[in-house]
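Structural features, examined
Single-letter residue listing:
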Amino acid sequence: MADGPVAEVLLRQLAAADGGLDSAELAAKLGVEHQAVVGAVKSLQALGEIIEAELRSTKRWELTAEGEEIAREGSHEARVFGSIPPEGLAQSELMRLPSGKVGFSKAMSNKWIRVDKSTADGPRVFRVVDSVEDEVQRRLQLVQGGQAEKLGEKERSELRKRKLLTEVTLKTYWVSKGSAFSTSISKQETELSPEMISSGSWRDRPFKPYNFLAHGVLPDSGHLHPLLKVRTQFRQIFLEMGFTEMPTDNFIESSFWNFDALFQPQQHPARDQHDTFFLRDPAEALQLPTDYVQRVKRTHSQGGYGSQGYKYNWKLEEARKTVLRTHTTSASARALYRLAQKKPFTPAKYFSIDRVFRNETLDATHLAEFHQIEGVVADHGLTLGHLMGVLREFFTKLGITQLRFKPAYNPYTEPSMEVFSYHQGLKKWVEVGNSGLFRPEMLLPMGLPENVSVIAWGLSLERPTMIKYGINNIRELVGHKVNLQMVYDSPLCRLDADPGPRQTQGTA
Amino acid sequence: TSEKEIISKEQGNEKAEGASDVVLYKIDVPANRYDLLCLEGLVRGLQVFKERIKAPVYKRVTPNGEIQKLIITEETAKIRPYAVAAVLRNIKFTKDRYDSFIELQEKLHQNICRKRALVAIGTHDLDTLSGPFTYTAKRPSDIKFKPLNKTKEYTACELMNIYKTDNHLKHYLHIIENKPLYPVIYDSNGVILSMPPVINGNHSKITVNTRNVFIECTGTDFTKAKIVLDVIVTMFSEYCENPFMVEAAEVVFPNGKSYTFPELAYRKEIVRADLVNKKVGIRETPENIAKLLTRMHLKSEVIGDGNQIEIEIPPTRADVIHACDIVEDAAIAYGYNNIQMTLPKTYTIANQFPLNKLTELLRYDMAAAGFTEALTFALCSQEDIADKLGLDISATKAVHISNPKTAEFQVARTTLLPGLLKTIAANRKMPLPLKLFEISDIVVKDSSRDVGARNYRHLCAVYYNKNPGFEIIHGLLDRIMQLLNVPPGEKKGGYVIKASEGPAFFPGRCAEVFARGQSIGKLGVLHPDVITKFELTMPCSSLEINIEPFL
């Protein structure tokens with residue numbers, strides 16, 4: 001309501017005005033409450049750049065209730081004067097008039113009237129002059145008309161002493177035309193309504209413009225965890241490459257499958273209490289594949305399958321010890337063992353992504369548990385060149401094309417190679433994975449044919465995720481101390497279309 | 001096995017140091033190349049690789065005079081049964097050589113010797129001693145000597161106390177600490193050479209001026225003791241009057257048998273050239289492969305039908321135990337990055353692991369239902385899965401870790417709920433309501449499994465707000481069942497919830513979920529005690545079910 005007619009008038013006035021106009025003056029001019037004009041200003045401001053309004057605070061003189069009465073009906077003294085007929089009035093009667101008391105003394109001091117105390121029925125009041133100028137009323141009317149400045153300082157303070165005037169501070173707006181000034185704003189609609197659509201009235205109505213700089217309202221939604229979004233992409237890559245997912249839903253493993261089956265000697269540092277979580281309960285594996293265990297034992301302690309072996313006293317108790325698996329390679333070993341039992345041999349490509357556990361010292365990039373990604377290919381006559389070729393395809397799908405290979409040592413792969421890629425952001429070669437051909441001492445006791453090679457590689461899921469999402473502290477990503485806002489805000493995981501450092505550099 | 005030469009060439013961290021324009025290389029020595037741990041071996045390896053020198057031939061020689069003898073008594077059997085020994089005769093140390101000699105021993109101790117547990121090395125000035133030597137084991141109170149760099153004599157008991165505060169030696173005390181007898185080596189005059197694996201005697205201490213060194217290695221792993229001795233003597237016999245000649249020592253075992261050390265055994269392997277080509281994926285002539293291997297310190301020549309390569313494995317290369325180790329050395333010498341990349345022709349059809357496939361599908365729809373995915377630890381404290389949920393630990397069937405470094409790793413979780421509640425506690429500043437879920441594995445003991453435990457794939461969800469929101473969690477269950485195509489009702493493999501009890505839940509606000517005829521989990525409003533124990537302040541309802549019955 002308020003912004004309807006008043007706003008319209010305001011705009012028309014503004015169109016005609018030179019430069020701008022004052023909200024209080026306009027209110028006075030239109031004879032409306034100042035607040036109504038202020039409301040109109042505010043609603044017009046909300047529409048954008050139609051008007052500009054500058055807040056000003058001005059001091060202004062206003063009439064008190066008594067002052068207004070006087071402006072309307074004349075000063076008390078004038079009214080007293082007016083009520084006295086030529087034959088005079090009894091003073092007692094005069095005092096009963098509404099303005100009697102104040103008006104009498106003022107009229108007396110103005111010497112407009114006199115008192116004759118000699119009359120028979122008490123003192124009687126008579127006019128002294130024929131007519132009077134009611135200065136007080138005139139001045140108050142001036143103030144009422146917004147022309148208080150025409151009065152002198154002395155006159156105003158005298159009126160204020162008589163409690164006819166007060167000085168008020170008024171907040172007004174200095175309104176001027178905005179960059180999108182128009183007088184025809186008032187009919188703007190905010191939103192399209194079903195009624196407008198059915199009546200077709202939308203055709204004739206202007207609509208309030210949207211502020212496209214403002215943010216939208218985010219949808220109320222659930223979110224997937226960034227690390228697991230990356231996991232999904234890695235699964236996808238393996239599936240695209242024809243790799244079958246291995247079961248890895250056993251966090252608990254026997255030392256046998258975790259170490260011995262991989263030809264990792266029993267005194268190896270990885271089997272130390274400082275590196276591996278051993279279990280108190282259940283402390284020992286209940287079953288191990290007996291014949292296979294014997295072959296593994298022989299390979300470790302005496303050699304065989306063309307190997308010298310490690311030549312030490314291999315102990316079954318050690319192999320029975322249960323651990324939280326330290327790598328998913330134990331699951332790969334189980335899968336390869338199952339594969340070896342199938343005759344004739346059929347080539348296989350396997351992958352897994354799951355949790356592994358290390359009893360390590362924790363820091364900003366290391367936790368006691370992390371996710372390992374592992375890929376395995378078993379076939380006749382696989383070469384180191386094949387491993388590198390598969391790695392090239394795999395990393396290309398991750399958006400990593402510059403690869404280098406470095407010799408390394410793993411107890412269960414030979415040859416072994418660490419994989420490095422050039423990181424554009426860090427400007428250096430960073431290790432992105434570890435790989436190799438599984439040792440014959442691991443494969444042959446399983447029963448795999450002699451000319452079958454198995455190539456394998458592994459990497460952690462956390463590291464590429466931290467690089468991708470720019471996270472420095474692993475605790476913000478994994479575990480209960482996760483920053484949920486980060487989870488809410490994290491973008492899609494598109495590994496091959498990384499808008500990261502590489503492309504920013506290109507466009508810069 | 002791997003070789004550092006290539007690394008230095010390909011990965012070399014070239015950085016100018018100060019004003020010097022000499023290129024520096026950072027060399028990674030693989031953990032199984034004990035022959036590259038000291039400068040002597042590294043330089044020798046590089047020289048051979050660059051074909052500047054031929055690999056030296058290490059020889060064991062019997063002295064003209066009396067051979068040094070080490071006699072092992074049977075008392076050692078229970079604590080540290082093996083010992084080997086050798087002599088470096090007429091060696092010439094300098095300050096640098098001496099330091100390198102000490103450093104190599106320290107590196108070997110840390111590496112192959114497993115912090116002296118498997119093998120401990122003692123080196124002595126032979127001229128201060130007189131053989132034959134005796135390796136025996138005695139009661140700690142009966143062992144008294146002046147240890148290395150000390151000015152007075154102590155008993156073994158006193159030494160164990162003194163070294164408790166020694167930052168270096170305190171790590172080795174545990175190896176013998178609680179044994180009734182400690183190993184000890186004497187010379188024929190009763191002088192103590194060493195008390196392995198802790199400390200040598202001061203009497204036979206070697207210095208830069210020492211000319212004849214007696215080396216003994218004692219241990220629990222005979223093979224490794226022999227390897228360690230071979231490494232030391234092959235590296236430092238270079239500085240003997242007759243380079244690479246090592247004087248033999250005789251070791252008499254308790255059974256009376258006597259052996260001569262160091263072994264310095266050369267072994268021959270024959271590998272077919274086409275095997276090397278086939279494993280690496282290259283096409284090199286047998287001659288070239290032999291040359292590559294020779295440069296890797298594996299002297300090789302083509303023999304027989306022209307396709308066979310005979311490789312001589314020197315005593316420095318204990319890491320070579322199989323033909324695949326030889327293949328790797330050929331590949332390294334060829335240069336990994338020079339190998340042609342090819343794709344294997346392996347044809348396979350991919351399959352997802354059904355449990356993970358179901359998990360992936362459910363995750364997306366849980367997020368679509370407005371819940372946010374958490375990823376919490378599989379390991380936690382006993383308190384998290386028991387006390388805080390009002391349970392006794394014995395009721396959880398949890399697996400227990402024997403060697404946790406902190407309480408955070410005492411058990412594997414048996415429920416996903418604590419992880420989600422801790423996630424909320426760490427995110428209390430986030431606007432309400434908080435709706436979280438996780439689909440992951442829990443672990444319980446199970447004697448029907450080979451390892452005595454098994455995982456179950458659980459789905460857990462929590463709703464945290466100013467009101468408990470049971471209807472929201474209940475609605476989520478209904479939605480999940482809808483997604484899994486499980487109809488409501490007990491018939492036809494449907495699902496129902498029935499009033500239940502649980503210490504984690506507010507009385508009367510807990511129900512058990514039955515689906516396909518079995519109990520799969522619970523939902524309800526959490527007990528205020530649980531909320532408080534997880535440092536939360538608002539009402540919370542939760543759902544946790546096993547999803548494996550829906551496979």
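Chain B goes by Phenylalanine--tRNA ligase beta subunit in an unreviewed UniProt entry, where it is assigned to Crocuta crocuta. The UniProt entry for chain B carries the following text under Sequence similarities (unreviewed entry): "Belongs to the phenylalanyl-tRNA synthetase beta subunit family. Type 2 subfamily." According to the UniProt record, the Cofactor (unreviewed entry) comment for chain B reads "Mg(2+)".

Per an unreviewed UniProt entry, chain A carries the name Phenylalanine--tRNA ligase alpha subunit and comes from Crocuta crocuta. According to the UniProt record, the Subcellular location (unreviewed entry) comment for chain A reads "Cytoplasm".

Things to note about the interface of chain A and chain B
Contact with chain A, which involves 106 residues of that partner, is made by 94 residues of chain B. In total, about 8,500 Å² of surface goes out of reach between chain A and chain B, with carbon and sulfur atoms giving 57% of it. Applying the counting criterion to the chain A and chain B interface returns six salt bridges. Linking R334 of chain A and D450 of chain B is a salt bridge whose minimum nitrogen-to-oxygen distance equals 3.0 Å.

Thoughts on the sheet that holds strand 17 (residues 372-373) of chain B
Residues and elements named next belong to chain B. In space, the seven strands of this open sheet follow the order 17-21-22-26-25-24-23, with mixed pairing throughout. Each edge of the open sheet is held by one strand with a lone partner, namely strand 17 and strand 23 (495-499). By the bridge criterion, five bridges tie strand 23 to strand 24 (residues 505-515) in an arrangement that is antiparallel. What sits directly across from Y495, in strand 24, is A515. Contacting strand 17, strand 21 (434-445) and strand 22 (453-464), helix 9 (residues 354-368) crosses the sheet at an angle of about 160° to strand 21. This element, helix 11 (residues 417-425), spans strand 21, strand 22, strand 25 (518-526) and strand 26 (540-546) of the sheet and lies at about 35° to strand 22.

Overview of the sheet that holds strand 13 (residues 403-407) of chain A
All names here are of chain A. As summarised here, the arrangement of the seven strands in space is 7-11-12-16-15-14-13, forming an open sheet in which the pairing is mixed. Of all the strands in the sheet, just strand 7 (244-245) and strand 13 have a single pairing partner and so form its edges. Sheet topology places strand 11 (residues 348-357) next to strand 12 (residues 369-380); ten bridges connect them, and they run antiparallel. For S352, the partnering residue across the bridge sits in strand 12 and is E374. Packed onto the sheet, helix 15 (residues 329-341) meets strand 11, strand 12, strand 15 (428-438) and strand 16 (452-460) and runs at close to 25° relative to strand 12.

Let's talk about helix 7 (residues 100-109) of chain A
Residue and element names in this part refer to chain A. Those residues of helix 7 that sit buried are G100, G103, F104 and A107. Buried residues of helix 7, viewed axially, fall in a sector of 105°; they line one side. Away from its buried face by more than 90 degrees, helix 7 exposes K101 and S109. Considering only its buried residues, helix 7 is in contact with helix 5 (76-83), helix 6 (91-95), strand 4 (113-116) and strand 5 (124-127). Just past helix 7, the residue K111 takes up positive phi, approximately 60°.

Looking at the UniProt feature "domain: B5" (unreviewed entry) in chain B
The UniProt feature table records "domain: B5" (unreviewed entry) at residues 264-341 of chain B. As annotated, residues 264-341 of chain B has a helix share of 38% and a strand share of 22%, and its two end C-alpha atoms lie 39 Å apart.

Thoughts on the side chain of T155 of chain B
Tracing the sequence through the fold places T155 of chain B in strand 7 (residues 154-155). When residues no more than four places from it in sequence are discounted, the contact partners of T155 of chain B are P140, S141, I143 and K144 of chain B.

What to know about a nonpolar patch on the surface
Where nonpolar side chains cluster on the molecular surface, the patch consists of L192, I197 and W202 of chain A and spans about 310 Å² of accessible area. With respect to the helices and strands, L192 of chain A occurs in the loop between strand 6 (165-177) and helix 10 (194-199).

So, helix 4 (residues 65-73) of chain A
Since the α-helix turns once every 3.6 residues, residues separated by three or four places project in the same direction. All names here are of chain A. Residues G67, I70 and A71 constitute the buried set of helix 4. One face of helix 4 carries all of its buried residues, which in axial projection span an arc of 100°. Exposed positions of helix 4 whose direction lies more than 90 degrees from the buried face are A65 and R72. Turning to helix 4, the residues buried within the fold contact strand 2 (51-63), helix 5 and helix 8 (135-144). Following helix 4 by one or two positions, G74 adopts a phi angle in the positive range, close to 95°.

Let's talk about the UniProt feature "domain: Aminoacyl-transfer RNA synthetases class-II family profile" (unreviewed entry) in chain A
UniProt's entry tags residues 229-491 of chain A with the feature "domain: Aminoacyl-transfer RNA synthetases class-II family profile" (unreviewed entry), counted in the numbering of this structure. For the annotated span residues 229-491 of chain A, helix accounts for 30% and strand for 26% of the residues, and the straight-line distance between the end C-alpha atoms is 10 Å.

Let's talk about the pattern of salt bridges
Residue and element names in this part refer to chain A. Counted by the stated rule, this structure contains 44 salt bridges over all chains. Residues E135 and R138 are paired through a salt bridge, measuring 2.9 Å at the closest nitrogen-oxygen approach. Taken as a pair, E135 and R138 lie in helix 8 at a separation of three residues, close to a single helical turn. Judged by relative accessible area, which is 29%, E135 ranks as partly exposed.

Looking at the environment of S100 of chain B
All names here are of chain B. Assignment of secondary structure puts S100 in helix 3 (residues 95-110). Under the relative-accessibility criterion, S100 is labelled buried at 11%. With 136 residues separating them along the chain, S100 and F236 place their C-alpha atoms 9.4 Å apart. Filtering out sequence-adjacent residues up to four positions away, S100 remains in contact with C38, L39, E40 and F236.

Looking at the packing of aromatic side chains
Summed over the entire model, instances satisfying the criterion amount to 32 aromatic pairs over all chains. Between the aromatic rings of F222 of chain B and F261 of chain B, the centroid separation amounts to 6.1 Å while the plane-to-plane angle is 85°, which identifies the pairing as edge-to-face. One end of the pair, F222 of chain B, is in helix 5 (residues 222-236); the other, F261 of chain B, is in strand 13 (residues 258-261), with 39 residues separating them in the sequence. Residue F261 of chain B is classed as buried on the basis of its relative accessible area of 2%. Among the aromatic residues, ring-to-ring pairing joins F234, F238, F243, F351, F394, F395 and W457 of chain A into one connected group. Over the face of the ring belonging to F81 of chain A we find R127 of chain A, whose NZ or CZ atom lies 4.6 Å from the ring centre.

What counts and what doesn't
Residues numbered from 1 in each chain as written. Chains lettered and ligands numbered in written order. Predicted model: local features only at pLDDT ≥ 70, side-chain atom pairs only at ≥ 80, totals over all residues. Heavy atoms only, no water. UniProt positions renumbered as here; feature names shortened; annotations may be inferred. Contact = heavy atoms within 4.5 Å. Buried area = accessible area lost by both parts, 1.4 Å probe. Salt bridge = Lys/Arg side-chain N within 4 Å of Asp/Glu carboxyl O. Pairing = 2+ DSSP bridges. Helix = DSSP H or I, 4+ residues; strand = E, 2+ residues; numbered from the N terminus. Axes fitted to C-alpha atoms, helices over the stretch in contact; angles between N-to-C directions. Buried < 20%, exposed > 50% of the residue type's maximum accessible area, 1.4 Å probe, protein only. Arc of directions from axis to C-beta. Patch = residues over 30% accessible without salt bridge, like charges linked within 9 Å, V, L, I, M, F, W, Y side chains within 5 Å. Areas by Shrake-Rupley, 256 points an atom, 1.4 Å probe, with all protein chains shown as cover. Phe/Tyr/Trp six-rings, centres within 6.5 Å; stacked < 30°, edge-to-face > 60°. Lys NZ or Arg CZ within 6 Å of the ring centre and 35° of its normal.

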